[in-house]
Amino acid sequence: MDSVIDKIIKAKSVAILPHVNEDPDALGSCFAFQKVMRLMGKEAVIYVSGKIEARLDFIGNDYVMYNGDSCYNHDLCVCLDCGDIERITERKVIFDKIGNTVNIDHHFTNTRFADANYVDGTAAATGEILFDLFKEMQITLNSEIARDLYIAVSSDTGCFKYSNVTPKTMHTAASLLEYGFDHAEAARLLFDTETLEAAKLKAEITEGIKSYADGKIKVVVTDERAGEKYGISKEDIPNLVDIPRRIEGTEIAVCIKHIDDGFRINLRSNGAADVAKAAMTFGGGGHIKAAGATLHCDTAEDALNAVVEECKKALEGAE
Ligand SMILES: [Mn+2]
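Sequence order as written defines residue numbering, which begins from 1 separately in each chain. pLDDT decides what is reported in this predicted model: residues at 70 or higher carry local features, side-chain atom pairs at 80 or more are listed and counted, and totals for whole chains, interfaces and linings draw on all residues regardless. The basis for the side-chain values is all heavy atoms of the structure; hydrogens and waters are excluded.

1. Re the sheet that holds strand β6 (residues 116-119)
Point 1. Read from one edge of the open sheet, six strands run β3-β2-β1-β4-β5-β6, paired in parallel fashion. Here the strands that pair on one side only, and so sit at the sheet edges, are β3 (64-65) and β6.
Point 2. The pairing criterion is simple: DSSP has to find at least two bridges between the two strands. Secondary structure elements are defined from DSSP: runs of H or I of at least 4 residues count as helices, runs of E of at least 2 residues count as strands, and each element is numbered from the N terminus. With four bridges connecting them, strand β5 (residues 101-105) and β6 associate as parallel partners. Looking at the pairing, D105 lines up with V119 of β6.
Point 3. Packing against the sheet, helix α2 (residues 24-39) makes contact with β1 (13-18), β2 (43-48), β4 (76-80) and β5, and its axis sits at approximately 170° to β1.
Point 4. Sheet strands touched by helix α4 (residues 126-136): β4, β5 and β6. Its angle to β5, the strand with the most contacts, is close to 115°. Whether two residues touch is decided by their heavy atoms; if any such pair falls within 4.5 Å, the residues are in contact. Axis definition: a line fit to C-alpha positions, over the contact stretch in the case of helices; interaxial angles, taken between N-to-C directions, run 0 to 180 degrees.

2. Things to note about unusual backbone geometry
Point 1. Located in the positive-phi region is R112, a residue other than glycine, with phi close to 50°.
Point 2. Summarising the element assignment, R112 is placed in the loop between β5 and β6.
Point 3. Remark: exposure states derive from per-residue accessible area (1.4 Å probe, protein chains only) relative to the maximum for the residue type, with buried under 20%, exposed over 50%, and partly exposed in between. Overall, the relative accessible area of 48% leaves R112 in the partly exposed class.
Point 4. One non-glycine residue, Q138, lies in positive phi territory at about 55°.
Point 5. Tracing the chain through its elements places Q138 in the loop between α4 and α5 (143-156).

3. Here's the deal with the coordination of the manganese ion
Point 1. D25 (OD), D81 (OD), H106 (NE2) and D156 (OD) make up the full set of protein donors to the manganese ion, lying at 2.1 to 2.3 Å.
Point 2. Each metal site is built from N, O and S donor atoms within 2.8 Å (3.2 Å for Na, K and Ca), and since water is not included, such sites may look incomplete. When the donors of the manganese ion are listed by position in the chain, the intervening gaps give D-x55-D-x24-H-x49-D. Taken together, the positions of D81 in the loop between β4 and α3 (92-98) and H106 in the loop between β5 and β6 put the pair 25 residues apart, joining distant regions of the chain. For the pair formed by D81 and H106, the shared burial category is buried.

4. Some thoughts on the pairing of strand β8 (residues 217-223)
Point 1. β8 sits mainly inside the fold: five of its seven residues count as buried.
Point 2. Pairing of strand β7 (residues 210-212) with β8, which is carried by three bridges, proceeds in the antiparallel orientation. Looking across to β8, one finds that K210 is bridged to V219.
Point 3. Counted along the chain from β7 to the antiparallel partner β8, the turn is four residues long, and its residue A213 has a positive phi close to 50°.
Point 4. As defined by bridge partners, β8 adjoins strand β9 (residues 252-259) across seven bridges and the pair is classed as parallel. Among the inter-strand pairings, T222 is bridged to a residue of β9, identified as K257.

5. Structural notes on the nonpolar core
Point 1. Nonpolar cores were defined as sets of buried Ala, Val, Leu, Ile, Met, Phe, Trp, Tyr and Cys residues, with membership established by side-chain atoms within 4.5 Å. Of all hydrophobic cores here, the largest spans 48 residues; its most connected members are F33, I104, L133, F134, L141 and L149.
Point 2. Core analysis: the next-biggest nonpolar cluster, separate from the first, contains 23 residues, V275, A279, A293 and V308 among them.

6. Side note on the pairing of β1
Point 1. Within β1, six of the six residues are buried, which leaves it mostly tucked inside the rest of the structure.
Point 2. Covered by surrounding structure in β1 are S13, A15 and L17 together with V14, I16 and P18, the residues of both alternating faces.
Point 3. Relative to β2, β1 runs parallel, the two being bridged by four bridges. Counterpart to V14 in the pairing with β2 is A44.
Point 4. Whether a crossover is right-handed depends on one test, that the path from the first strand over the helix to the second runs clockwise when the strands point away from the viewer. You can see the chain leave β1, run along α2 and come back into β2, and the turn it takes is right-handed.
Point 5. The pairing of β1 with β4 spans five bridges and is parallel. Bridging across to β4, L17 finds its partner in C79.

Written out as structure tokens, the structure reads:
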């Protein structure tokens with residue numbers, strides 16, 4: 001942690017990078033980090049990879065959409081919630097150009113790709129790590145920063161439901177609530193709100209659930225354009241892996257999404273099966289119970305067969 005803090009203290013202008021397909025942990029962490037940098041009198045710009053899901057607009061909008069040339073004169077690049085360098089995609093140009101880099105993350109598969117790395121695989125969210133970091137740096141938080149971190153932590157824990165929640169997670173959340181912000185509204189927007197169009201898409205996806213291994217593996221296959229007929233852009237496609245995950249008897253839930261250059265795989269484990277290991281066989285990574293990878297095969301059928309095969313191995317390994 002010390003070398004990370006040292007770099008942060010010395011920096012005058014910080015570029016902040018969340019992982020591609022920005023989720024609330026990545027975004028909340030970035031907004032919190034940006035606010036803290038500004039409190040410390042530094043410049044701070046968040047570069048996102050592309051359009052952010054519209055449902056996450058409420059978290060904040062003080063970021064720059066990276067377009068290949070928009071990069072100020074930064075002297076530090078901080079990657080948040082990125083398990084490996086691929087997760088910053090084309091923004092690697094910024095990372096390389098600055099050449100002074102920090103990586104703060106909670107994916108235990110993290111490849112420690114930066115000059116200084118603060119990785120804690122036991123933390124439920126990157127937001128939980130930042131809370132510790134800011135404490136160590138003796139930063140006085142405010143209600144806005146606390147809200148950002150709360151959104152990060154609550155999101156990656158499924159509103160404190162997942163097995164990654166530890167007593168420390170709850171202590172962190174409790175400390176954040178002390179700052180006073182509308183946590184119920186944040187939770188409602190994060191977990192209990194969806195558009196009618198998204199609900200209709202989910203109904204269609206539910207119809208198509210496939211079962212393998214006596215129903216222990218349940219898969220949905222979709223296309224990033226599946227939302228078009230409902231007026232949903234590809235960025236705004238809701239989380240679909242939760243649909244098979246919630247069905248009784250599911251031990252591993254899979255979502256296979258056809259994207260431009262292959263198939264994006266999302267894996268969730270309800271039991272002892274290690275889906276991070278399965279994801280790693282495809283060059284991906286993540287957590288034991290939530291992982292992902294991108295497959296470059298020709299057809300959805302090929303992707304489906306390959307993934308189901310790995311999931312069966314994961315099930316066997318858990319027995
Ligand atoms: Mn995360």
